[in-house]
Amino acid sequence: MKRPTHEGRQQACARKRRYCSQGDALDAALIAGVERHRTAYRCVLCGQWHLATKPARRT
Ligand SMILES: [Zn+2]
């Protein structure tokens, strides 16, 4: 039986923009003005970096 999270990841990978490095990903978020709401993570599928939405935090 397949784990549903695996397919979810594959879809996320296919949909998302890829970055060569963590710096590139965070730069893109910075340029878009959303760096406070994004976090970069290394994708296990493509080996590159994607941006993920950070959980909303009230401070
Ligand atoms: Zn990926």
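Going by the structure above, here's the rest.
Residues numbered from 1 in each chain as written. Predicted model: local features only at pLDDT ≥ 70, side-chain atom pairs only at ≥ 80, totals over all residues. Heavy atoms only, no water.

## Points about the environment of A25
Position of A25 among the secondary structure elements: in helix α2 (residues 22-32). On the basis of relative accessibility, which here comes to 0%, the residue A25 falls in the buried class. Between the alpha carbons of A25 and Q48 there is a distance of 9.6 Å; along the sequence they are 23 residues apart. Apart from residues lying up to four places away in sequence, A25 is in contact with Y19, A40, W49 and L51. (Helix = DSSP H or I, 4+ residues; strand = E, 2+ residues; numbered from the N terminus. Buried < 20%, exposed > 50% of the residue type's maximum accessible area, 1.4 Å probe, protein only. Contact = heavy atoms within 4.5 Å.)

## With respect to the nonpolar core
With 6 residues, the main nonpolar core is built from Y19, A25, A29, A40, W49 and L51. Secondary-structure elements contributing two or more residues to this core are α2 and β2 (49-53). Sequence-distant contacts of Y19, defined by excluding residues within four places in its chain, comprise D24, A25, A28, Q48, W49, H50 and L51. (Core = buried A, V, L, I, M, F, W, Y, C linked by side-chain atoms within 4.5 Å.)

Distances and angles like these do not, on their own, reveal function.
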